[in-house]
Every structure is written in structure tokens, then in C-alpha cells.
Amino acid sequence: MDVKNAFLHGVPKEEVYMSQPQGNDETEIGVVKLALQLECDMKDLGRLHYFLELQIEYPPSGGIFIFQSKYVSEVIIKAGVISKKGCSTPCLSYAKFLRDDGPLFNDVTHYKSIVGCLQYLTFSRLDIAYSVNNVCQFMQVPTEAHYSAVK
């Protein structure tokens, strides 16, 4: 449900409780939704499918499947690595980056933007968390080597 203007006219002084109707009766749920729509200017948006770059699917077998393939595609285009070949390990665990590792990267804003995108991807891609953490340590003064690691 989407609340358009709940509590715009001050902070409620009462405690507000809400519970789901007993059972899974669609009629009762519909009555509650209608009452909320009339009272609070709400509307039913249905099942969530896309929110904050997260794609959500509901498999027939049950459960929820959350993924970010659309966002990954956008980040790949933004980073300019469309033609790059993928790898099974994003970063070798023994790889060490140094603060003064080569010449400075000329576009710090672009570096920060790409690394920020990668940070957001770690919510659904835990396998890149270590690598992203490594390149995040050089956000203030990235070098060409650091940007190469990002790519």
C-alpha cells in the first residue's frame, strides 16, 4: 500500500496498531484495503516487482527471488567495460593495492561513481564484497592501477 499523506498534519498522539485479518480471506483483505484507501488516500500497488534497483520475482514454487541484472547492465555500460571478458574470481585474495600505485587517475568523480555502484551491488552479490572493499580504500586519491582493478 502507498500512503500519500499519512500524518502530514502533525505527529499522532495515539499509538497506532494494525494487524493482518485472520486467515487469508481475500474478501476481508479487500475490505481493509478499501477502508484504508477511503480514510488515508492510499492505493494498492500490487506485488513489488522493481524497487531501488532491485528486481523481485515470485517463483511458482514459493518464496521471493531478488536480483539486480538490470542494474548490473547499467553499471557495465557506465564503466565502459561492455567488451571485457568476465572472470570467476573478482579479486585475488593475496592482491595488495598501494596508496602510491602508479599515476593518479584523472577522473576521481567517475571512480567514486563506479565504486559506489559496486558497493550497492554487494547487497545481492556478496562474492564481490572483498574486491569492492579493497578499491573503496582509495576513493580520495585513486590511481590508474586502482581503476584497472575496478574494471
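Residues numbered from 1 in each chain as written. Predicted model: local features only at pLDDT ≥ 70, side-chain atom pairs only at ≥ 80, totals over all residues. Heavy atoms only, no water.

## Remarks on helix 2 (residues 69–79)
Among all positions in helix 2, only Tyr71, Val75 and Ala79 are buried. Axial view of helix 2: buried residues confined to an arc of 70°, hence all on one face. Tucked into the core, helix 2 has its buried residues touching helix 3 (108–121) and helix 5 (144–150). (Buried < 20%, exposed > 50% of the residue type's maximum accessible area, 1.4 Å probe, protein only. Helix = DSSP H or I, 4+ residues; strand = E, 2+ residues; numbered from the N terminus. Arc of directions from axis to C-beta. Contact = heavy atoms within 4.5 Å.)

## Some thoughts on the pattern of salt bridges
A full pass over the atoms with the stated rule returns two salt bridges. One salt bridge connects glutamate 74 with lysine 70, and the closest N-O pair in it is separated by 2.9 Å. Highlighted residues: glutamate 74 and lysine 70, both in helix 2, separated by four residues, approximately one helical turn. On the basis of relative accessible area, glutamate 74 is assigned to the partly exposed category, the value being 34%. Salt-bridge contacts for arginine 125 lead to aspartate 127; the nearest nitrogen and oxygen are separated by 2.7 Å. For arginine 125, a relative accessible area of 38% corresponds to the partly exposed category. (Salt bridge = Lys/Arg side-chain N within 4 Å of Asp/Glu carboxyl O.)

## Remarks on the environment of leucine 118
Along the chain, the position of leucine 118 falls in helix 3. Residue classification places leucine 118 among the buried positions, given a relative accessible area of 16%. When the C-alpha atoms of leucine 118 and asparagine 133 are compared, they prove to be 9.5 Å apart, with 15 residues separating the residues in sequence. When residues no more than four places from it in sequence are discounted, the contact partners of leucine 118 are Val75, Ile128, Val132 and Val150.

## So, the environment of glutamate 144
Mapped onto the fold, glutamate 144 is located in helix 5. Relative accessible area serves as the criterion here: at 36%, glutamate 144 is assigned to the partly exposed category.

## A closer look at the packing of helix 2 against helix 3
As a packed pair, helix 2 and helix 3 sit with axes 11 Å apart at the nearest point and diverge in direction by 160°. Relative to helix 3, helix 2 is oriented roughly antiparallel. You can see that helix 2 and helix 3 cross each other, and the crossing is left-handed. The segment helix 2 lies against helix 3, with Tyr71, Val72, Val75, Lys78 and Ala79 engaging His110, Ser113, Ile114, Cys117, Leu118, Tyr120 and Leu121. Here the residues of the contact of helix 2 with helix 3 sort into nine nonpolar, two polar and one charged. (Axes fitted to C-alpha atoms, helices over the stretch in contact; angles between N-to-C directions. Parallel < 35°, antiparallel > 145°, perpendicular 65-115°, else oblique. Left-handed = near helix turned anticlockwise from the far one by under 90°. Nonpolar A, V, L, I, M, F, W, Y, C, P; charged D, E, K, R; others polar.)

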